[in-house]
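Chain and residue survey
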Amino acid sequence: MPVPIRKAIFPVGGLGTRFLPATKSMPKEMLPVVDKPLIQYAVEEAREAGIEQFIFVTGRGKTAIEDHFDHAYELQTMLESRQRDEALAVVKATIPAPGQIAYTRQLEPLGLGHAVWCARNFVGMEPVAVLLADDLILGKTGCLKQMIEAYDDVGGNMVAVMEVPEEDISSYGVIAPGDVQDRLIEVRGLVEKPTAAEAPSNLAVVGRYILQPRVFEDLGRFERGAGGEIQLTDSLARQLGSAPFNGFRFDGRRFDCGSKVGFLEANIAYALDRDDMRDDVSRILKSFC
Ligand code: UTP
């Protein structure tokens, strides 16, 4: 059995320029889908998958994230005195056990690979999960839990993958697929942001990864890739052959909450998924059509 995954990295150091001006003073990861910030969905998904230590790689202007996962004494006292038990429980549910969360700063947003590398000292020599909060995945079982169940059989490096239309492929890391076994697809190659003509398949990497610690050595070489950024997928591609490497075709619907349309779509889907909102939201949507 491979070494179990106990830690997860949440890179939240990006600038979120596609959401300006909303993200001028508020982190993109605090944008709410219905009534919960994106980052809380990611943390809950990790917790469901058995993660015990949460490592945030933050940047300038991201203190709202730290506050979100802390006590809000004034608010809690107020809710308590007004006997707003339900609201109080919601507020308290976000707070992890002391010492479960660690924060480090990326200092400069040099790319996702660089953000992940910044967490290396918290990870040490064990495998780790990475979750991008702006990739929101709605499903019965969380994507990371599904991946870890598969990882327990095969070990190695793993990325979540999904089919994307040809016109979108150049926004993603794309795998060259090999043997397929159920939801696992052997990764034989990995290219970041290829043109449609260069893309080795239509299977794109989305924001869930399981990494073996060796990848940190490669990330530490700071090789620039697509867009002049230090790309996580490039370092992963250089790990090919050193450990099993699989794509995992997850069960669930993924929303690109880093884009405006994807974010709106997620809000609609999550609202329609809720018993307390479904009827009202359906009525509103019908009125627009
Ligand atoms: P994006 O590619 O969506 O970049 O990052 P961004 O800066 O957040 O947003 P835009 O494109 O300017 O609108 C994907 C994920 O990687 C993290 C982001 O926080 C996001 O979770 N990231 C990206 C970092 O932590 N550091 C970086 O240097 C770049």
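The structure we're discussing is the one just above.
These lines cover the structure that appears in this document, whether it is placed above or below. (Residues numbered from 1 in each chain as written. Predicted model: local features only at pLDDT ≥ 70, side-chain atom pairs only at ≥ 80, totals over all residues. Heavy atoms only, no water.)

1. Considering the site of the ligand
Around the ligand sit 17 residues, and of these Leu15, Thr17, Arg18, Lys28 and Gly111 come closest. The separation between an oxygen atom of the ligand and a polar main-chain atom of Pro11 is 3.0 Å. A distance of 2.5 Å separates an oxygen atom of the ligand from a polar atom in the side chain of Thr17. The fraction of the free accessible surface of the ligand (560 Å²) that becomes covered by protein chains is 82%. Taking a 2 Å distance to the grid points as the criterion, the majority of the atoms of the ligand fall inside the largest pocket. Of the residues assigned to the shell around the ligand, the class counts are 7 nonpolar, 6 polar and 4 charged. (Near = heavy atom within 4 Å. Polar contact = N/O pair within 3.5 Å; in protein donor to acceptor, adjacent residues only side chain to side chain. Areas by Shrake-Rupley, 256 points an atom, 1.4 Å probe, with all protein chains shown as cover. 1 Å grid on protein atoms, 1.4 Å probe; cavity = no way out; pocket = protein on both sides within 12 Å on 5 of 7 lines; lining within 4 Å. Sits in = over half its atoms within 2 Å of the grid points. Nonpolar A, V, L, I, M, F, W, Y, C, P; charged D, E, K, R; others polar.)

2. Brief notes about the nonpolar core
Where a protein is soluble and globular, its nonpolar side chains tend to be buried together. If you look at the biggest cluster of nonpolar residues, it comprises 51 residues, and the most contacted ones within it are Phe10, Val33, Ile39, Ile51, Phe56 and Leu136. Contacts of Ile51, omitting those with residues within four sequence positions, involve Ile5, Arg6, Lys7, Ala8, Ala46, Ala129, Leu144 and Ile148. With 29 residues, the next largest nonpolar core counts Ile55, Val123, Ile175 and Leu232 among its residues. (Core = buried A, V, L, I, M, F, W, Y, C linked by side-chain atoms within 4.5 Å. Buried < 20%, exposed > 50% of the residue type's maximum accessible area, 1.4 Å probe, protein only. Contact = heavy atoms within 4.5 Å.)

3. Observations concerning the pairing of strand β1 (residues 7–11)
In terms of burial, β1 is a largely internal element, 5 of the 5 residues being buried. Side chains of β1 alternate between two faces, with Lys7, Ile9 and Pro11 and Ala8 and Phe10 buried alike. The pairing of β1 with strand β4 (residues 53–58) spans 5 bridges and is classified as parallel. Within β4, the residue paired with Ile9 across the bridge is Ile55. With 3 bridges joining them, β1 and strand β6 (residues 128–131) adopt parallel strand pairing. Looking at β6, one finds that Lys7 is bridged to Val128. (Helix = DSSP H or I, 4+ residues; strand = E, 2+ residues; numbered from the N terminus. Pairing = 2+ DSSP bridges.)

4. Some details on unusual backbone geometry
A cis amide bond links Leu20 to the next residue, Pro21, at an omega of 5 degrees. Here Pro21 shows up in the loop between β1 and β2 (32–33). For Val34, which is not glycine, the phi torsion reads 65 degrees and is therefore positive. Along the chain, Val34 turns up in the loop between β2 and β3 (36–37). Looking at Val34, the relative accessible area reads 24%, which means it is partly exposed.

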